[in-house]
Amino acid sequence: MSIASSFLNKDTTGKSILLWATLNGWSMYILSYLGVYLIAQIATGLVSELAFGINASLHFSGLEFLLRGKSWTPESVVPVFLTSPAVAFILGCVCLRALLKLETTGTIWKQFFFWGFLHGVNLSLGAIISGTVAKDGIWFSLKWSSLPEPLIFALAGFCILLLVLIGYLASVLVFMSCDSLTLIKEGNRSMLLNAMLLFPFILGNAFVFLLKFPVANYDLGLGCSFILLVIPIYVRGKSMLVNDLVNSPKRTVVAWEVVMATGILSILVKILL
């Protein structure tokens, strides 16, 4: 085999692996988002209805509260709009715990828990940032708690720093979620970060916006706050020293059943909600 043909074969294989891993990462980004986001929204609806008698209609773009003659009070606003970020944060911690327990297991579902952790953090801490800017979501809880406006903005600023720090510390998780013997090699570091982090984030974020179109300012803010997590992971990941051996190595192939399930579930969510 000539040198030229060997190079072309290697390049073709590299592009295939990049595509396959990106599809898997995109699927897990979407599935974990649907899980964390919808559970948090349902929990908010249950709190509003069971605790305060305020019915809520669930839409994928958000909850629609049906007051039916009743008015909001601080006693109802604070817990209702605090529920979704709180539940999202708890689910993020659960995903982190699950990922750590699966560290030595070769399974694509480690990526589900990796993205679930990031979604949980963003839908809680990022929600404070986005809510403060858009004056929506958890901002109502903070405002109706009689917190001064400067203190709310200071809290949002602190959350910005916290997201960057979490992203920096979470860099190791993207490698922990990898079970590909090819991608984990140091020479394929850029391919790993692109296929398992950057591309799934860009494509996944765009797909969520498409499902929610027209996109509210609050959701746009959440998309931007997620960048505060992704950039530190990517930058630190480029030079991070990690073990290039995986405990249960697997060939990088597309999990078509997961990709198809993601597509079908997304269509159902768009139609039903």
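In the block above lies the structure referred to throughout.
Residues numbered from 1 in each chain as written. Predicted model: local features only at pLDDT ≥ 70, side-chain atom pairs only at ≥ 80, totals over all residues. Heavy atoms only, no water.

Enquirer: I keep staring at the packing of helix H3 (residues 109–134) against helix H7 (residues 189–212) and nothing clicks. Help me out?
Expert: Angle between the axes and distance between the axes are the two parameters that describe a pair of packed helices. At a closest axis distance of 12 Å, the pairing of H3 and H7 adopts a crossing angle of 60 degrees. Put simply, H3 runs oblique to H7. Between H3 and H7 the crossing geometry is right-handed. Facing Gln111, Phe114 and Trp115 of H3, the residues of H7 in contact are Met196, Leu197, Pro200 and Phe201. Of the residues contributing to the contact of H3 with H7, the split by class is six nonpolar, one polar and no charged. (Axes fitted to C-alpha atoms, helices over the stretch in contact; angles between N-to-C directions. Helix = DSSP H or I, 4+ residues; strand = E, 2+ residues; numbered from the N terminus. Parallel < 35°, antiparallel > 145°, perpendicular 65-115°, else oblique. Left-handed = near helix turned anticlockwise from the far one by under 90°. Contact = heavy atoms within 4.5 Å. Nonpolar A, V, L, I, M, F, W, Y, C, P; charged D, E, K, R; others polar.)

Enquirer: Got a minute to help me understand a nonpolar patch on the surface in this structure?
Expert: Residues Trp256, Met260, Ile264, Ile267, Leu268, Ile271 and Leu272 make up a contiguous nonpolar surface patch of roughly 800 Å² in combined accessible area. Here Met260 shows up in helix H9 (residues 256–272). The exposure class assigned to Met260 is exposed, which follows from its relative accessible area of 54%. (Patch = residues over 30% accessible without salt bridge, like charges linked within 9 Å, V, L, I, M, F, W, Y side chains within 5 Å. Areas by Shrake-Rupley, 256 points an atom, 1.4 Å probe, with all protein chains shown as cover. Salt bridge = Lys/Arg side-chain N within 4 Å of Asp/Glu carboxyl O. Buried < 20%, exposed > 50% of the residue type's maximum accessible area, 1.4 Å probe, protein only.)

Enquirer: How should the side chain of His119 be read in this particular structure?
Expert: Tracing the sequence through the fold places His119 in helix H3. The buried category is assigned to His119, whose relative accessible area is 1%.

Enquirer: How should I be thinking about the nonpolar core in this particular structure?
Expert: Nonpolar side chains in soluble globular proteins tend to end up buried together. Counting 67 residues, the largest nonpolar core has Phe114, Trp115, Val174 and Leu192 as its most contacted members. Sorting elements by how many residues they give to this core places helix H1 (residues 3–52) first, with 14 residues. (Core = buried A, V, L, I, M, F, W, Y, C linked by side-chain atoms within 4.5 Å.)

Enquirer: Looking at this model, I keep getting lost on the pairing of strand S1 (residues 55–59). Mind explaining?
Expert: For a regular strand, side chains alternate in direction, first toward one face of the sheet and then toward the other. Note: S1 against strand S2 (residues 62–66), five bridges, orientation antiparallel. In the sheet register, His59 faces S2, and the bridge partner there is Gly62. Counted along the chain from S1 to the antiparallel partner S2, the turn is two residues long. (Pairing = 2+ DSSP bridges.)

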